[in-house]
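Survey of secondary and tertiary structure
Single-letter residue listing:
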Amino acid sequence: MKNRLFIDTNIMLDLLGERHPFYEPIAKLATLADRGKIKMIVSPISFATVNYLIAKSENPKIAKEKLRKFKIISEICSLDEHTIEKGLNSSFTDFEDALQYFSALDSDCETIITRNGKDFKKSLISVMTAEEYLNSIREV
C-alpha cells in the first residue's frame, strides 16, 4: 500500500497559494503524488476553504483552475454523518481539526501533514510537516 498522507488545509493552501517559505516541501510531495509514489488524501472542507481564500486573494477563475489540477493528484475523502458525529463528540477544541483528524483515520492515512502539529496532539497516527515527512523518507 502506498503511503497515504492526509493533507491539512494549511498545507493545501501553501501549495495552491504558493506561500513561501512553505511552498517548496509541499510542491515536492505533490510531485511524488503525481508520480504515484504517495497518495495525498484531502477533505472536501479543505477544497471549500482553499477556494474561498484563493478566490479572494487572486480570483475565482484561478482558484477553480488550481483546484481542478490539485484534484487530479489527490483523493478526496468522504465526510459523512459518522465523521461529523465523531467530531462533535471529541475532545478537540477546534471542530474543523476534529473533522480533519477523523477523516484521516477513516481514510486509513498513515500520516497527517500539517504545519499545526499542536492541533493534533492526541493523534493515533503520525503528524508531520511536509519537510519532516520528506526527511523521514530520505532516511529509509
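Please refer to the structure placed before this passage.
Residues numbered from 1 in each chain as written. Predicted model: local features only at pLDDT ≥ 70, side-chain atom pairs only at ≥ 80, totals over all residues. Heavy atoms only, no water.

Two elements in contact, helix H1 (residues 9-16) and helix H2 (residues 23-34), have axes separated by 8 Å at closest approach and are oriented at 95 degrees. By the angle between their directions, the pair H1 and H2 is classed as roughly perpendicular. On the side of H1, the interface is formed by Ile 11, Asp 14 and Leu 15, while H2 contributes Tyr 23, Ile 26, Ala 27 and Ala 30. Of the residues that constitute the contact of H1 with H2, the class distribution is six nonpolar, no polar and one charged. (Axes fitted to C-alpha atoms, helices over the stretch in contact; angles between N-to-C directions. Helix = DSSP H or I, 4+ residues; strand = E, 2+ residues; numbered from the N terminus. Parallel < 35°, antiparallel > 145°, perpendicular 65-115°, else oblique. Contact = heavy atoms within 4.5 Å. Nonpolar A, V, L, I, M, F, W, Y, C, P; charged D, E, K, R; others polar.)

Reading across from one edge, E3-E2-E1-E4-E5 is the order of the five strands in this open sheet, with parallel pairing throughout. Two strands close off the open sheet at either side, each with one partner strand: strand E3 (74-76) and strand E5 (126-128). Going from strand to strand, the sheet's axes swing by 30 degrees on average, the running direction of each strand aside. Pairing analysis gives three bridges linking strand E4 (residues 111-113) to E5, with the strands arranged parallel. In the strand pairing of E5, Thr 111 is matched with Ser 126. Across the sheet, H2 touches strand E1 (3-7), strand E2 (38-42) and E4, and the angle it forms with E2 is around 115 degrees. (Pairing = 2+ DSSP bridges.)

Moving on: unusual backbone geometry. Following His 20, the chain continues into Pro 21 via a peptide bond in cis, with omega recorded as 10 degrees. Inspection of the secondary structure puts Pro 21 in the loop between H1 and H2. You will see that Glu 18, though not glycine, has its phi angle at about 50 degrees, which is positive. For Glu 18, the position within the fold is in the loop between H1 and H2.

A few words now on the pattern of salt bridges. Under the definition given, this model contains eight salt bridges. For Asp 14, the salt bridge identified is with Arg 19, shortest N-O distance 2.8 Å. Residues Lys 28 and Glu 24 are paired through a salt bridge, measuring 3.3 Å at the closest nitrogen-oxygen approach. Of this pair, Lys 28 and Glu 24 both sit in helix H2, separated by four residues, roughly a single helical turn. On the basis of relative accessibility, which here comes to 36%, the residue Lys 28 falls in the partly exposed class. (Salt bridge = Lys/Arg side-chain N within 4 Å of Asp/Glu carboxyl O. Buried < 20%, exposed > 50% of the residue type's maximum accessible area, 1.4 Å probe, protein only.)

Scope: geometric values only; no functional claims are made or implied.
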